[in-house]
Amino acid sequence: MMKRDACLKALARRRTDEIVVSVYRAAFEWKVFAPSPLNYVAVGAMGLASSHGLGLAIGRPDKRVWVLDGDGSLLMNLSTLVTVANQAPKNLIHFVGENGVYEVNGSHPIPGYGKFNFAGMAREAGYRNAYEFSELQQFERDIDGILKQDGPTFVTLKIEPGEEYPMDWPYVHGAPQRDLFRAALKPTNPRS
Amino acid sequence: MEASGELKGSAIIDAIKASGIRTIVSVPDITTSQGLLWPIARDPSLRHIRVCKEDEGVAICAALSYCDQRAMLVIQNTGFFYATNSLRGIAVEYEHPVCLMIGLQGAEPDVLPDDSPKYSIRIVGPMLDTLGIERHKLQRTADTAAIPGAVDRAYRRSRPVAFVIGRSPV
């Protein structure tokens, strides 16, 4: 099992100009480790981070899109695996932090924790690549190569909470970050 | 408003294109299947993204707006009911220009949807009003003239808009 903040810090060290779509705890922590106008937090409804990521990946094929999803969130939108695989965006990497609980909603367990495999589901849905990590050292060793691969790529991160970070709800729900993101993502081909 | 008449799918598609939309996101709907969605699917000038659930489409359309790409989500009223939370959060509260075309499964073609004796038809308009989503009826071909202006307004104001299709397009 890996600490979530350690995983996110490892990704933050490798982030250059990628669009990063994140949810809940990952969003709060990512803001601390990798603040950027290219952080997309306007997910707005349950489980749809990867759908937003898919739209961004299709709309901006010139940019890499990382999605930092949660296990409870993905379970609310499992069909996304098929939709993403069918569209097959090369520039999309879908990370899922699997901690087995709905952490921001009281840490109640997700249904079926330990009885199914997200990476296996993604692979069978048709993702080009699917990986699972539970050891930070291995993750650090492999992630550079994974980030360079054509997607869609799916990565399960078996995690547990690390340090506590502020839950900045106004950052997630407020207009300022959306406005920053829109300005940062100035189009190269308007209305294509 | 008169309910009788004809609604041409080709006129809807022309209006969609005149709105600057080149991406259609859809979940199939029997009301619009033959006259609208199959022609869209066969149209090489439109990018057609098939999704499994309507809320996926809400998110995709919102995300595409950041890339300055206009999109239309074509769904059924049952899918609209399903996707209400995503419309509430993504389209309304987060102020994204999500454009919807909602087919009314089982609508009586010569009865205006708000006057329908069928609950699942009658409540669509009031639900859109409650959500604060601008709505337009597509009952006859002439109604399609409202599409480009309404889509422009949606993207200019960054707000959602819905077009409610009250009869099967031909």
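For the structure, check the block above.
A short tour of the structure in this document, coming up. All of these numbers come straight from a predicted model, not from anything done at the bench. Each chain carries its own residue numbering, running from 1 in the direction its sequence is written. A letter from A marks each chain and a number from 1 marks each ligand, given out in the order of writing. Thresholds applied to this predicted model are a pLDDT of at least 70 for local features of residues and 80 or more for the giving and counting of side-chain atom pairs; totals over whole chains, interfaces and linings are not thresholded and use all residues.

1. Considerations on the overall build of chain B
Piece 1. What chain B contains, in helices and strands, is 8 helices and 6 strands.
Piece 2. Along chain B, from the amino end to the carboxyl end, the secondary structure elements read α-β-α-β-α-β-α-α-β-α-α-β-α-β.
Piece 3. For a compact globule the rule gives 2.2 Å times the number of residues to the power 0.38, and the radius of gyration it is set against comes from C-alpha atoms. By the compact-globule yardstick of 15 Å for 170 residues, chain B fits well, its C-alpha radius of gyration being 14 Å.
Piece 4. Taken along the three principal axes of its C-alpha coordinates, chain B extends 40 × 35 × 30 Å.
Piece 5. Within chain B, the fraction of its 170 residues that count as buried is 51%. Here a helix means four or more residues in a row that DSSP labels H or I, a strand means two or more in a row labelled E, and each is numbered from the N terminus. Buried, partly exposed and exposed are defined by the number of other C-beta atoms within 10 Å of a residue's own C-beta, namely 20 or more, between the two limits, and 12 or fewer respectively, with C-beta atoms placed from the backbone.

2. Comments concerning the overall build of chain A
Piece 1. Secondary structure summary: chain A contains 9 helices and 9 strands in total.
Piece 2. Taken over the C-alpha trace, chain A has a radius of gyration of 15 Å; the compact-globule value for 192 residues is 16 Å, and the two agree within 12%.
Piece 3. Considering only C-alpha atoms, chain A reaches an extent of 45 × 35 × 30 Å along its principal axes.
Piece 4. Across the 192 residues that make up chain A, the buried fraction comes to 45%.

3. Concerning helix H9 (residues 175-184) of chain A
Piece 1. All of the buried residues along H9(A) are A:Gln177, A:Arg178 and A:Phe181. Each buried residue of H9(A) sits inside an arc of 100° when the element is viewed along its axis, so together they form one side. In H9(A), the exposed positions angled more than 90 degrees off the buried face are occupied by A:Pro176, A:Asp179 and A:Ala183.
Piece 2. Working definition of a contact: two residues with C-beta atoms, positioned from the backbone, lying within 7 Å. Contacts made by the buried residues of H9(A) are with strand E3 (39-40) and helix H8 (169-173) of chain A together with helix H3 (54-66) of chain B. Relevant arc is that of directions from the helix axis to the C-beta atoms, nothing else.

4. What about the packing of helix H3 (residues 49-59) of chain A against helix H5 (residues 80-87) of chain A?
Residue and element names in this part refer to chain A.
Piece 1. Note on geometry: axes are C-alpha line fits, over the in-contact stretch for helices, and angles between N-to-C directions span 0 to 180 degrees. Direction vectors running N to C along H3 and H5 enclose 10°, while the axes themselves pass 10 Å from each other. Relative to H5, the element H3 lies roughly parallel. In contact with Ser50, Ser51, Leu54 and Ile58 of H3, H5 contributes Thr80, Thr83, Val84 and Gln87.
Piece 2. Residue polarity follows a fixed list, in which Ala, Val, Leu, Ile, Met, Phe, Trp, Tyr, Cys and Pro are nonpolar, Asp, Glu, Lys and Arg are charged, and the others, Gly among them, are polar. In terms of residue class, the contact of H3 with H5 is built from 3 nonpolar, 5 polar and no charged. Here the angle decides the label: under 35 degrees means roughly parallel, over 145 means roughly antiparallel, 65 to 115 means roughly perpendicular, and every other value means oblique.

5. A closer look at the packing of H3(A) against H3(B)
Piece 1. Two elements in contact, H3(A) and H3(B), have axes whose closest approach is 7 Å; the angle formed by their N-to-C orientations is 40°. Here H3(A) lies oblique to H3(B), going by the angle between them. Taken as a pair, H3(A) and H3(B) cross one another with a handedness that is right-handed. Contacts between H3(A) and H3(B) involve A:Ser51, A:His52, A:Leu54, A:Gly55, A:Leu56, A:Ile58 and A:Gly59 from the former and B:Glu56, B:Ala59, B:Ile60, B:Cys61, B:Ala62, B:Ala63, B:Leu64 and B:Tyr66 from the latter.
Piece 2. Residue composition of the contact of H3(A) with H3(B), by class: 10 nonpolar, 4 polar and 1 charged. Each crossing gets its hand from how the near helix is turned against the far one by less than a right angle, where anticlockwise is left-handed and clockwise is right-handed.

6. Focus: the nonpolar core
Piece 1. A set of buried residues qualifies as a nonpolar core if it consists of Ala, Val, Leu, Ile, Met, Phe, Trp, Tyr and Cys joined through C-beta atoms within 7 Å. One finds A:Val21, B:Val58, B:Cys61, B:Leu73, B:Cys99 and B:Ile102 to be the most contacted residues of the largest nonpolar core, which totals 102 residues.
Piece 2. For this core, the element with the most residues is H3(B), which contributes 8 residues.
Piece 3. Once residues within four sequence positions are removed from consideration, B:Leu73 is found in contact with B:Val25, B:Gly57, B:Val58, B:Cys61, B:Val98, B:Cys99 and B:Leu100.

7. So, the environment of B:Ala15
Piece 1. Along the polypeptide, B:Ala15 turns up in helix H1 (residues 9-18).
Piece 2. With 130 residues separating them along the chain, B:Ala15 and B:Ala145 place their C-alpha atoms 6.9 Å apart.

8. Examining the interface of chain B and chain A
Think of interface size as the accessible area that goes away when the parts come together; that is how it is often given.
Piece 1. Contacts between the two partners involve 26 residues from chain B, matched on the other side by 28 residues from chain A.
Piece 2. Taken together, the elements giving at least two residues each to the side of chain B that touches chain A come down to strand E2 (47-50), H3 and helix H5 (84-93) of chain B.
Piece 3. Per-element accounting of the side of chain B that touches chain A gives the leading share, 9 residues, to H3(B).
Piece 4. Among the residues making up the side of chain B that touches chain A, the classes are represented as 13 nonpolar, 5 polar and 8 charged.

9. Here we look at the sheet that holds strand E3 (residues 70-76) of chain B
In a beta sheet, neighbouring strands are held together by backbone hydrogen bonds and run either parallel or antiparallel to one another.
Residues and elements named next belong to chain B.
Piece 1. When DSSP finds two or more bridges between a pair of strands, those strands are recorded as paired. The strand order across the open sheet formed by 6 strands is E2-E1-E3-E4-E6-E5, and the pairing between neighbours is parallel. Unpaired on one side and paired on the other, E2 and strand E5 (134-138) mark the two borders of the sheet. Taken over all neighbouring pairs, the strand axes of this sheet differ in orientation by 20° on average, direction set aside.
Piece 2. Where E5 and strand E6 (residues 161-165) come together, 5 bridges link them in parallel fashion. Each residue of the ladder has a partner; that of Glu134, found in E6, is Val161.
Piece 3. Contacts from H3 reach strand E1 (21-26), E2, E3 and strand E4 (99-103) within the one sheet, and its direction differs from that of E3 by about 170°.
Piece 4. Most of the contacts of helix H8 (residues 146-157) go to E6, to which it runs at about 155°, and overall it touches E1, E3, E4, E5 and E6.

10. With respect to the pairing of strand E5 (residues 92-98) of chain A
Residues and elements named next belong to chain A.
Piece 1. In terms of burial, E5 is largely enclosed, as 7 of its 7 residues are buried.
Piece 2. Inspection of the sheet shows E5 paired to strand E9 (residues 153-160) by 6 bridges, in the parallel sense. Counterpart to Gly97 in the pairing with E9 is Leu157.

11. Focus: helix H7 (residues 136-148) of chain A
In an α-helix, one full turn covers 3.6 residues, which means residues spaced three or four apart are oriented alike.
Piece 1. To estimate how far a helix should reach, multiply one less than its number of residues by 1.5 Å. Here H7(A) is 13 residues long and its end C-alpha atoms lie 19 Å apart, about the 18 Å a rise of 1.5 Å per residue gives.
Piece 2. The bend at a residue is defined as the angle formed between two axes, one fitted to the seven residues ending at that residue and one fitted to the seven starting there. A:Asp142 marks the point of greatest bend in H7(A), at about 45°.

12. A closer look at unusual backbone geometry
One can expect most non-glycine residues to show negative phi and most peptide bonds to be in trans.
Piece 1. Residue A:Pro152 follows A:Gly151 across a cis peptide bond; omega there is 5°.
Piece 2. One can find A:Pro152 in the loop between H7 and E9.
Piece 3. Residues other than glycine seldom take positive phi values, yet A:Ser107 does so here, at roughly 60°.
Piece 4. Inspection of the secondary structure puts A:Ser107 in the loop between strand E6 (101-102) and strand E7 (108-109).
Piece 5. Owing to 11 C-beta atoms within 10 Å, A:Ser107 belongs among the exposed residues under this scheme.
Piece 6. The residue B:Asp68 is not glycine, and still its phi comes out positive at about 55°.
Piece 7. You can see B:Asp68 is positioned in the loop between H3 and E3.

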